[in-house]
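Structure at a glance
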Amino acid sequence: MYDRHTAEVPAAAPPTPPTPPTHEPFTIERGSFCIARCGCGWTGPARRSRDRARTDAEDHRAAP
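The notes below deal with the structure included here. (Residues numbered from 1 in each chain as written. Predicted model: local features only at pLDDT ≥ 70, side-chain atom pairs only at ≥ 80, totals over all residues. Heavy atoms only, no water.)

Quick look at the pairing of strand β2 (residues 33-37) now. Relative to β2, strand β1 (residues 26-30) is paired through five bridges, and the arrangement is antiparallel. If you follow I28 over to β2, its bridge partner there is I35. Between the antiparallel neighbours β1 and β2 lie two residues, among them G31 with a positive phi of about 65 degrees. (Pairing = 2+ DSSP bridges. Helix = DSSP H or I, 4+ residues; strand = E, 2+ residues; numbered from the N terminus.)

As structure tokens, this is what we get:
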């Protein structure tokens, strides 16, 4: 069987650095409550006011 020489093996692409999670908060509804969540793992408190949950999400988006 033929073995490839190291000069014949194509070079592998360099690994790409992991990208930090972006802040893209969203709201979900659970019964009479609305919860703001984010892709980075952040979760806001459960609110009865959907408007307040959206404000929590926007406040999180603006945070560094």
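Now, onward.
With that out of the way, let us pick up the pattern of salt bridges. Here the idea is simple: oppositely charged side chains can pair when their charged atoms come close. What the rule picks out here adds up to five salt bridges. Put simply, E58 and R61 hold a salt bridge, and the shortest N to O gap is 3.4 Å. On the criterion of helical spacing, the pair formed by E58 and R61 is a turn pair, its members being three residues apart in helix α1 (residues 50-62). R61 sits in the partly exposed class, given a relative accessible area of 34%. (Salt bridge = Lys/Arg side-chain N within 4 Å of Asp/Glu carboxyl O. Buried < 20%, exposed > 50% of the residue type's maximum accessible area, 1.4 Å probe, protein only.)

The terminal C-alpha atoms of α1, which comprises 13 residues, lie 19 Å apart, in line with the 18 Å expected from a rise of 1.5 Å per residue. Regarding α1, the residues found buried are A53, D56, A57 and H60. Down the axis of α1, the sector holding all buried residues measures 95 degrees, keeping them to one side. The secondary structure elements touched by the buried residues of α1 are β1 and β2. (Expected span 1.5 Å × (residues − 1). Arc of directions from axis to C-beta. Contact = heavy atoms within 4.5 Å.)

As far as function goes, none of this settles anything; it's purely spatial.
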